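# Structure assessment
Given next are the chains, with one letter for each unit.
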Amino acid sequence: MVDFNRKFDVLVIGGGNAALCAAISARRSGASVLVLEGAPKFYRGGNTRHTRNMRCAHDAATDILTGPYTEEEFWNDLLVVTGGQTDEELARFMIRESKDILNWIVEQGVRWQPSLGGTLSLGRTNSFFLGGGRAMLNALYLTAERLGVEIVYDAEVTGLQIENGMFLGATLKQPVDGATEIRASALVAAAGGFEANIEWLKEYWGDAADNFLIRGTPYNRGSVLKMLLDNGVQDVGDPTQCHAVAIDARAPKFDGGIITRHDSVVFGIVVNKHAQRFYDEGEDIWPKRYAIWGRLVAAQPDQIAYIIFDSSVVTSFMPTLFPPIGAPTVAELAAKLELDPAALEKTVADFNAAVQPGTFNHTILDDCRTEGLMPAKTHWARKIDAPPYLAYPVRPGITFTYLGTRVNKQSRMLMKDGKPAANMFAAGEIMAGNVLGKGYAAGIGMTIGSVFGRVAGREAARNARN
Ligand SMILES: Cc1cc2nc3c(=O)[nH]c(=O)nc-3n(C[C@H](O)[C@H](O)[C@H](O)COP(=O)(O)OP(=O)(O)OC[C@H]3O[C@@H](n4cnc5c(N)ncnc54)[C@H](O)[C@@H]3O)c2cc1C
């Protein structure tokens, strides 16, 4: 039983990667630590449960990484995907620290495995968790418990007492062991973004947000973020920016996870409900582009689209949970998808006529492209002419939002007047917007959580001591 009458050194709100890295780091720095996880124990760990890998810089190949990935290359990748919308000082700091995280996270019990083949081709840049995100979390929880971190589940925080940038205490939605008020000397907020809060999403997306599917936990409703911003913490990031991919339209509203994602875009064409193409499906290699398709589909009428391909490519991408919808002709496929058959036939015929000869290779920017087509398909364009014709219906799958709390290199929140908060730190999705102004490169979510979680825990412990 947790003694709620005591004042903890560090209170960590959240139960995912960022929270656990912060809790372990704070505890290892000598602090007493309480973790409040809003979800029940079975669902602990937020979006982290769904993850598979983390992107870290390294100067040489390792047991599981096929070659070096320098700080500069990581920085350049981040620059490209964000279009420069990143805090360079913080981002470079994160990348530098990520080198050490490769070993630090193993010291906390997490194990790596080599990446399997597949369309993401991340074997050089990203380390995969043995057993996936849930195994990774289980290792972190076990380590935290062994170190003496106190953890409470079903402990949703609904109130924060903050005076002039100074955290005083937190209020629980429902009593735990009779207590609802928690006191601590320092706070680490690691409670995720607001992606599961459809009403909040609607403030920026309008009714379109009703058609969004949330890939992860229903518990990331952004309540802690909102309370912090309402109490004078400086915000960072565009509220409409988020990580969003195309996922199967048949997926559940929440928590469908990784198996609902479709990576087949580069092997076919994508049309909207009017059977019209709307974007270059072959713009760049898939790890750098998969995360734009959620937003692209969100901008289409009724937020629905269809990946159209043929039988020649079905073994080219990872098997999917939901089977493709198939038909012997394009017109019959259109009928099954409730699209205008003539319109889809014309779109496929126009595409096929524009395809130029080339040598197909999905691992490089190959020379298979269209000519005279708008929008063009600039790589991996091959005719769709081998029946049966197949399709996946897709909707925007929101992974996490980028609006967050601004922090400095100590992971300490900054107040609206620019001054550092007295004793408040943030890590993970809740501050991801400092690094990710827009765009995404696979595996950075976990880098942000691990690097800033570790720093936030250490700094919060130091802060609590002083
Ligand atoms: C399907 C899927 C696959 C992904 N794959 C990858 C991947 O392979 N690599 C990668 O880098 N990133 C991946 N991501 C993104 C990654 O999950 C996040 O970037 C990362 O897990 C964020 O960690 P976090 O600790 O900040 O948030 P989370 O892990 O989401 O944790 C937030 C926690 O806060 C808790 N919480 C929320 N509100 C409250 C409250 N009021 N009171 C108490 N607790 C609260 C939640 O219950 C949860 O435990 C994926 C995401 C999804 C959805």
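Here, every reference points to the structure presented above.
Heads up: these notes are all about the structure in this document. In this text the structure is predicted, and so the values were computed from the model without any measurement.

### Re the overall build of the protein chain
The secondary structure content of the protein chain amounts to 11 helices and 19 strands. By the compact-globule yardstick of 23 Å for 466 residues, the protein chain fits well, its C-alpha radius of gyration being 23 Å. The C-alpha extent of the protein chain, read off along each of the three principal axes, is 70 × 45 × 40 Å. A burial count over the protein chain gives 59% of its 466 residues as buried. If you take every contact in the protein chain between residues at least 6 apart in sequence, the share linking residues at least 24 apart comes to 74%. Counting only carbon and sulfur atoms, one obtains 50% of the accessible surface of the protein chain, whose full area is about 17800 Å².

### Considerations on the packing of aromatic side chains
Within this structure, the stated rule accounts for 17 aromatic pairs. Plain terms: the ring middles of Phe 278 and Trp 293 are 6.0 Å apart, the flat faces sit at 55 degrees to each other, and that makes the pair tilted. One end of the pair, Phe 278, is in the loop between strand E13 (269-272) and helix H7 (286-289); the other, Trp 293, is in helix H8 (residues 293-298), with 15 residues separating them in the sequence. Across this residue pair, the class does not change: Phe 278 and Trp 293 are buried. Ring geometry for Phe 400 against Tyr 440: centres 5.9 Å apart, planes inclined by 80 degrees, an arrangement best described as edge-to-face. Separated by 40 residues along the polypeptide, Phe 400 in strand E16 (residues 389-401) and Tyr 440 in the loop between strand E19 (420-426) and helix H11 (444-465) bring together distant segments of the chain. The exposure classification of Phe 400 matches that of Tyr 440, with both residues buried. Three or more aromatic residues link up through ring pairs in this structure, and these residues are Phe 267, Phe 309, Phe 317, Phe 360 and Tyr 392. Between the NZ or CZ atom of Arg 44 and the centre of the ring of Tyr 141, over which it lies, the distance is 3.8 Å. It is Arg 261 that lies over the ring of Tyr 290; its NZ or CZ is 4.7 Å from the centre.

### Concerning the sheet that holds strand E3 (residues 53-55)
Taken in spatial order, the three strands of this open sheet run E3-E5-E4, and their pairing is antiparallel. A single partner strand is all that each edge strand has here, and the edge strands are E3 and strand E4 (112-113). Note: E3 against strand E5 (residues 126-129), three bridges, orientation antiparallel. Paired with Asn 53 across the strands is Phe 128, a residue of E5. Most of the contacts of H11 go to E3, to which it runs at about 75 degrees, and overall it touches E3 and E5.

### Here we look at the nonpolar core
One finds Leu 11, Ile 105, Leu 160, Leu 228, Met 424 and Phe 452 to be the most contacted residues of the largest nonpolar core, which totals 146 residues. No other element matches H11, which puts 10 residues into this core. Filtering out sequence-adjacent residues up to four positions away, Met 424 remains in contact with Ile 162, Gly 165, Phe 167, Leu 187, Leu 228, Val 233, Ser 411, Arg 412, Met 413 and Met 415. Formed by 23 residues, the second largest nonpolar core is a distinct cluster that contains Ile 269, Tyr 306, Leu 339 and Ala 343.

### Thoughts on the environment of Trp 380
As for its position among the elements, Trp 380 is in the loop between helix H10 (341-354) and E16. Taking the C-alpha atoms as reference points, Trp 380 and Arg 6, 374 residues apart in sequence, are found 62 Å from one another. Those residues in contact with Trp 380 that lie beyond four places of it in its chain are Val 266, Gly 282, Asp 284, Ile 285, Phe 360, Asn 361, His 362, Ile 364, Leu 365, Asp 366 and Cys 368.

### Let's talk about the environment of Gly 358
Looking at the element boundaries, Gly 358 is found in the loop between H10 and E16. Among the residues examined, Gly 358 registers a relative accessible area of 42% and is labelled partly exposed. For the pair formed by Gly 358 and Arg 382, sequence separation is 24 residues and the distance between their alpha carbons is 8.6 Å. Ignoring any residue separated from it by four or fewer positions in sequence, one finds Gly 358 in contact with Asp 367 and Cys 368.

### A short note on the pattern of salt bridges
Scanning the entire structure with this criterion turns up 23 salt bridges. A salt bridge links Asp 207 to Lys 202, with the nearest nitrogen and oxygen atoms 3.9 Å apart. Owing to a relative accessible area of 22%, Lys 202 belongs among the partly exposed residues under this scheme. We note a salt bridge from Lys 419 to Asp 417, for which the minimum N-O separation is 3.9 Å. Overall, Lys 419 belongs to the exposed group, its relative accessible area being 53%. For Asp 417, a relative accessible area of 54% puts it in the exposed group.

### Section: the site of the ligand
Of all residues adjacent to the ligand, which total 41 residues, the nearest are Glu 37, Thr 48, Asn 53, Asn 220 and Met 446. Within the backbone of Val 157, an N or O atom sits 2.9 Å from a nitrogen atom of the ligand. When isolated, the ligand has an accessible area of 1000 Å², and the protein chains bury 97% of it. The set of elements that each furnish at least two residues to the shell around the ligand consists of helix H1 (17-28), helix H6 (223-230), E16 and H11. Here the shell around the ligand takes three residues from H11, the largest share from any one element.

### Concerning unusual backbone geometry
Following Met 374, the chain continues into Pro 375 via a peptide bond in cis, with omega recorded as -10 degrees. Checked against the element boundaries, Pro 375 lands in the loop between H10 and E16. Cis geometry is found at the peptide bond from Pro 387 to Pro 388, where omega equals 5 degrees. A positive phi angle, near 60 degrees, is found at Asp 302, a position not held by glycine. One can find Asp 302 in the loop between H8 and strand E14 (305-310). One non-glycine residue, Ser 411, lies in the positive phi region at around 65 degrees. With respect to the helices, strands and loops of the structure, Ser 411 is situated in the loop between strand E17 (404-405) and strand E18 (412-414). Ser 411 gets classed as buried once you look at its relative accessible area, which sits at 0%.

Cut-offs used in this document
Positions within a chain are numbered from 1, following the residues in the order the chain's sequence is written. Where local features are concerned, this predicted model is filtered to residues with pLDDT of at least 70; where side-chain atom pairs are given and counted, the filter is 80 or more; whole-chain, interface and lining totals use all residues. Only heavy atoms go into the side-chain values, all of them from the structure, while hydrogens and water stay out. Helix and strand assignments come from DSSP, with helices taken as H or I runs of at least 4 residues and strands as E runs of at least 2, each series counted from the N terminus. Every radius of gyration here is taken over C-alpha atoms, with the globule rule written as 2.2 Å times N^0.38, N being the number of residues. Throughout this description, buried means an accessible area under 20% of the type-specific maximum (1.4 Å probe, protein chains only), exposed means over 50%, and partly exposed covers the range between. The contact criterion used throughout is that any non-hydrogen atoms of two residues lie within 4.5 Å. In this description, accessible areas are obtained by the Shrake-Rupley approach with a 1.4 Å probe, and a residue is regarded as covered only by the protein chains that are shown. Pairing of aromatic rings covers Phe, Tyr and the six-membered ring of Trp, with a centre-to-centre limit of 6.5 Å; geometry is then stacked below 30 degrees between planes, edge-to-face above 60, and tilted otherwise. In our convention, an over-ring charge means Lys NZ or Arg CZ found within 6 Å of a ring centre and within 35 degrees of that ring's normal. Whether two strands pair depends on DSSP finding at least two bridges between them. Convention adopted: a line fitted to C-alpha atoms gives each axis, helices being fitted over their contacting stretch, and angles between N-to-C directions are expressed from 0 to 180 degrees. As used here, the term nonpolar core means buried Ala, Val, Leu, Ile, Met, Phe, Trp, Tyr and Cys residues forming a set that is joined through side-chain atoms within 4.5 Å. Salt bridge criterion: a side-chain nitrogen from Lys or Arg within 4 Å of a carboxyl oxygen from Asp or Glu. We call a residue near a molecule or strand as soon as one heavy atom of that residue lies within 4 Å of the molecule or strand. N or O atoms within 3.5 Å of each other form a polar contact, as long as, within protein, one can give a hydrogen and the other can take it, and as long as residues adjacent in sequence are counted only when both atoms are side-chain atoms.

These figures capture arrangement, not role.
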